[in-house]
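These are the residues of each chain, in order.
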Amino acid sequence: QVQLVESGGGLVQAGGSLRLACAASGSILSIAYMGWYRQAPGKQRDSVAIITSSGRTNYADSVKGRFTISRDNAKNTVYLEMNSLKPEDTAVYYCNLRLLSGTGYWGQGTQVTVSS
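Not measured: the values here are computed from a predicted model.

Thresholds applied
Residues numbered from 1 in each chain as written. Predicted model: local features only at pLDDT ≥ 70, side-chain atom pairs only at ≥ 80, totals over all residues. Heavy atoms only, no water. Helix = DSSP H or I, 4+ residues; strand = E, 2+ residues; numbered from the N terminus. Buried < 20%, exposed > 50% of the residue type's maximum accessible area, 1.4 Å probe, protein only. Disulfide = S-S within 2.5 Å. Pairing = 2+ DSSP bridges. Axes fitted to C-alpha atoms, helices over the stretch in contact; angles between N-to-C directions.

**Student:** Explain unusual backbone geometry here, please?
**Tutor:** In terms of backbone geometry, most residues other than glycine have negative phi values and most peptide bonds are trans. A positive phi angle is found at N76, which is not glycine, with a value near 50°. As for its placement among the helices and strands, N76 is situated in the loop between β7 (67-72) and β8 (77-82). Positive phi outside glycine occurs at S84, with the angle close to 50°. Its place among the elements puts S84 in the loop between β8 and β9 (91-99). Relative accessible area serves as the criterion here: at 41%, S84 is assigned to the partly exposed category.

What follows is the structure, given as structure tokens:
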């Protein structure tokens, strides 16, 4: 079993910054990628950014140039640096880990609220 523990959410003014972290523990074998998704009230959960085991990254168009995903392989931790935050970035942010086997795991979510 794999556990994902997120941290770093909170309330910030528009234009501010936050850094999210997600630490993975448990039976972690052959990670395909780790990433961040977000879900605003009444909306579907969408991908924000992912990083593969080789370090390749992919971002949603809405966050390109503002968010940066990074990973510490030794700590099995993935980070999301969020700058120039906008009110539309307000959502619950979820960490996701996907193994090469296809099995995926979710964190419990962390609230990010950006005030205008």
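**Student:** Which parts of the structure should I look at to understand the state of the cysteines?
**Tutor:** In protein structure, a disulfide is the covalent linkage between the sulfur atoms of two cysteines. Going through the model one piece at a time under the given rule, you end up with one disulfide. For C22, the disulfide goes to C95, at an S-S distance of 2.1 Å. Since a negative S-S torsion denotes a left-handed disulfide, the C22-C95 link at about -80° is left-handed. You can see C22 sitting in strand β3 (residues 18-26) and its partner C95 sitting in strand β9, a full 73 residues away along the chain. The pair C22 / C95 is uniform in exposure class, with both members buried.

**Student:** Would you take a moment to explain the sheet that holds β3 for this structure?
**Tutor:** Pairing between the strands of a sheet comes from backbone hydrogen bonds, and it takes one of two forms, parallel or antiparallel. In space, the four strands of this open sheet follow the order β1-β3-β8-β7, with antiparallel pairing throughout. Each edge of the sheet is formed by a strand with only one pairing partner; in this case those strands are β1 (2-7) and β7. Adjacent strand axes in the sheet meet at a mean angle of 15° when their direction is disregarded. Two elements, β7 and β8, share six bridges in a ladder whose sense is antiparallel. The residue of β8 that forms the bridge with R71 is V78.

**Student:** For this particular structure, what's the right way to read the pairing of strand β4 (residues 31-39)?
**Tutor:** For a regular strand, side chains alternate in direction, first toward one face of the sheet and then toward the other. In terms of burial, β4 is a largely internal element, eight of the nine residues being buried. Alignment of β4 against β9, held across eight bridges, turns out to be antiparallel. What sits directly across from M34, in β9, is L97. By the bridge criterion, six bridges tie β4 to strand β5 (residues 46-52) in an arrangement that is antiparallel. Along β5, the bridge assignment pairs M34 with I51. Connecting the antiparallel pair β4 and β5 is a turn made up of six residues, with G42 showing a positive phi of about 75°.

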